[in-house]
Structures are given as structure tokens and as C-alpha cells.
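Residue strings, one per chain:
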Amino acid sequence: MPRVRFVVVFLILLAVFEFTLLIDVVDRDVVIPITNAIAIVSGAVIRVVQPGVHVIGTTISAPCFAVDIRNGCNGVEATLFVVAAVLAFPASLGRKLIGVIIGTALIQLANLVRVVTLFLIGCHRRSWFETFHLAVWQTAIFAVAVGFFILWSRRSVPANAASRA
């Protein structure tokens, strides 16, 4: 029964989180500022190796390439996946809080690497961009999310879980 409860709670939380993203005020006041911050940090990192980079809102541009970070490419959905999974898992509140914080940071760090590498690929190997954007990095970000949850959940199993199974 605990597995069924986990799946049900996870799916409910994930649905609530995803529907929340559809609300205009959430997009305007939460998601877009997060995406702008991702663009600013990514632009700063890219400037180290690629001069002439400018960031305006969610767009990173240079003479060689430009990219606009959109929903689906900002790591928010993967972060919400991890948050829903961690919150649904039968662990202590403290472990859940640690899982949410570390999982969020990990996803956003991976997404920063994603944005930076995609921009540089766009500048230097434009023919590779779509493959890396749609296949490689989407898979990698999801793998980071799932992998983190698997590792976190294995360390967060309640001590008496074996006797309840």
C-alpha cells in the first residue's frame, strides 16, 4: 500500500504543480523571473569563453548565435518533478526539506550547464544544436531528476520500512 500511496500522491502533486504553471500570474511573477535569472547567470558564464554576449530578459545573444530560454528549457518542470517525488515519499520532514533543496539546486546547476553548452554549440557547431537541444539535454536533465530521486529515496527510507512492506 505505501507504493500505491506514493504514486497517487506524486501524481496529484505533479498535476497541481503543472496546472499552477498555467496560471498567468505564476508565469509572470515566478517563472519568468526565474528564467531571467537563469539567462543572467548563463550569460555571465558564457562571457568567460565567448566575448560579446548580451542578455536581455530571457534571451542570450552574441554575434555568433542567440537563444531565448523558454518554458520547458528553464528546468522548472524537472525541478517540480523532483519536488513532487520527494514530497510524496514517506520520509521525515527534515529529509524532505533537504531533498527539495539539494534536488532543486542540482537540477538548476544541470540546467545552467545545459544552457551554456547549448549556446556554445549554437555558436560553434550550429548543425548539432537541435539534436543536443531536443534529444541529448532533455534526456540528460530528466535522467538527473530521476537519478537524484533514486539516490535520495534510498538514503531516506524510514528505518522500519522493511517491516511495513
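Cut-offs applied
Residues numbered from 1 in each chain as written. Predicted model: local features only at pLDDT ≥ 70, side-chain atom pairs only at ≥ 80, totals over all residues. Heavy atoms only, no water. Helix = DSSP H or I, 4+ residues; strand = E, 2+ residues; numbered from the N terminus. Buried < 20%, exposed > 50% of the residue type's maximum accessible area, 1.4 Å probe, protein only. Contact = heavy atoms within 4.5 Å. Areas by Shrake-Rupley, 256 points an atom, 1.4 Å probe, with all protein chains shown as cover. Lys, Arg positive; Asp, Glu negative; His and termini not counted. Charge placed at Lys NZ, Arg CZ, Asp CG, Glu CD. Core = buried A, V, L, I, M, F, W, Y, C linked by side-chain atoms within 4.5 Å. Pairing = 2+ DSSP bridges. Axes fitted to C-alpha atoms, helices over the stretch in contact; angles between N-to-C directions. Parallel < 35°, antiparallel > 145°, perpendicular 65-115°, else oblique. Left-handed = near helix turned anticlockwise from the far one by under 90°. Nonpolar A, V, L, I, M, F, W, Y, C, P; charged D, E, K, R; others polar. Disulfide = S-S within 2.5 Å.

A. View of the overall build of the protein chain. A tally of regular secondary structure across the protein chain gives 6 helices and 3 strands. When the helices and strands of the protein chain are read in sequence order from the N terminus, they spell out α-α-β-β-β-α-α-α-α. With respect to the three principal axes, the spread of C-alpha positions in the protein chain is 60 × 30 × 25 Å. Across the 165 residues in the protein chain, those meeting the buried criterion constitute 39%. For the protein chain, the proportion of contacts with a sequence separation of at least 24, taken over those separated by at least 6, is 68%. Of the roughly 9,600 Å² of accessible surface on the protein chain, 71% is carried by carbon and sulfur atoms. Within the protein chain, one finds 13 positive and 7 negative side-chain charges whose respective centroids are separated by 17 Å.

B. The nonpolar core, seen in detail. Core analysis: the biggest nonpolar cluster contains 46 residues, and F10, I60 and F119 have the highest contact counts within it. Listing elements by their share of this core, those giving two or more residues are α1 (2–21), α2 (24–49), β2 (59–62), β3 (65–68), α3 (76–88), α4 (93–124) and α5 (129–156). When residues no more than four places from it in sequence are discounted, the contact partners of F119 are I46, Q50, V53, I60, S61, A62, F65, A66 and V67.

C. Region of the structure containing the environment of I107. When you line up the elements, I107 lands in helix α4. Spatially, the C-alpha atoms of I107 and E18 are 17 Å apart, while their sequence positions differ by 89 residues.

D. Local environment of the pairing of β2. Here β2 shows a clear split, with I60 and A62 buried on one side and none of T59 and S61 buried on the other. Sheet analysis places β2 next to β3, joined by 4 bridges and oriented antiparallel. Bridge pairing in β3 places T59 opposite D68. Hairpin remark: β2 followed by β3, antiparallel, with 2 residues in the connecting loop.

E. Here's a closer look at the sheet that holds β3. Taken in spatial order, the 3 strands of this open sheet run β1-β2-β3, and their pairing is antiparallel. Unpaired on one side and paired on the other, β1 (54–56) and β3 mark the two borders of the sheet. Strand-to-strand twist in this sheet, taken as the mean axis angle between neighbours without regard to direction, amounts to 15 degrees. Its contacts with the sheet place α4 against β2 and β3, and it is angled at close to 145 degrees to β3.

F. Broad picture of the packing of α3 against α5. Axis separation between α3 and α5 bottoms out at 9 Å; the angle between their running directions is 20 degrees. Taken together, the axes of α3 and α5 lie roughly parallel to each other. Considering only the axes of α3 and α5, their crossing is right-handed. Contacts between α3 and α5 involve A78, F81, V82, A85 and V86 on the former and, on the latter, I141, F142, A145, V146, F148, F149 and W152. Considered class by class, the residues forming the contact of α3 with α5 number 12 nonpolar, no polar and no charged.

G. Looking closely at the state of the cysteines. All chains considered together, the criterion is met by 1 disulfide. Note on C73: no disulfide assigned, nearest cysteine sulfur contributed by C123 at a separation of 17 Å.

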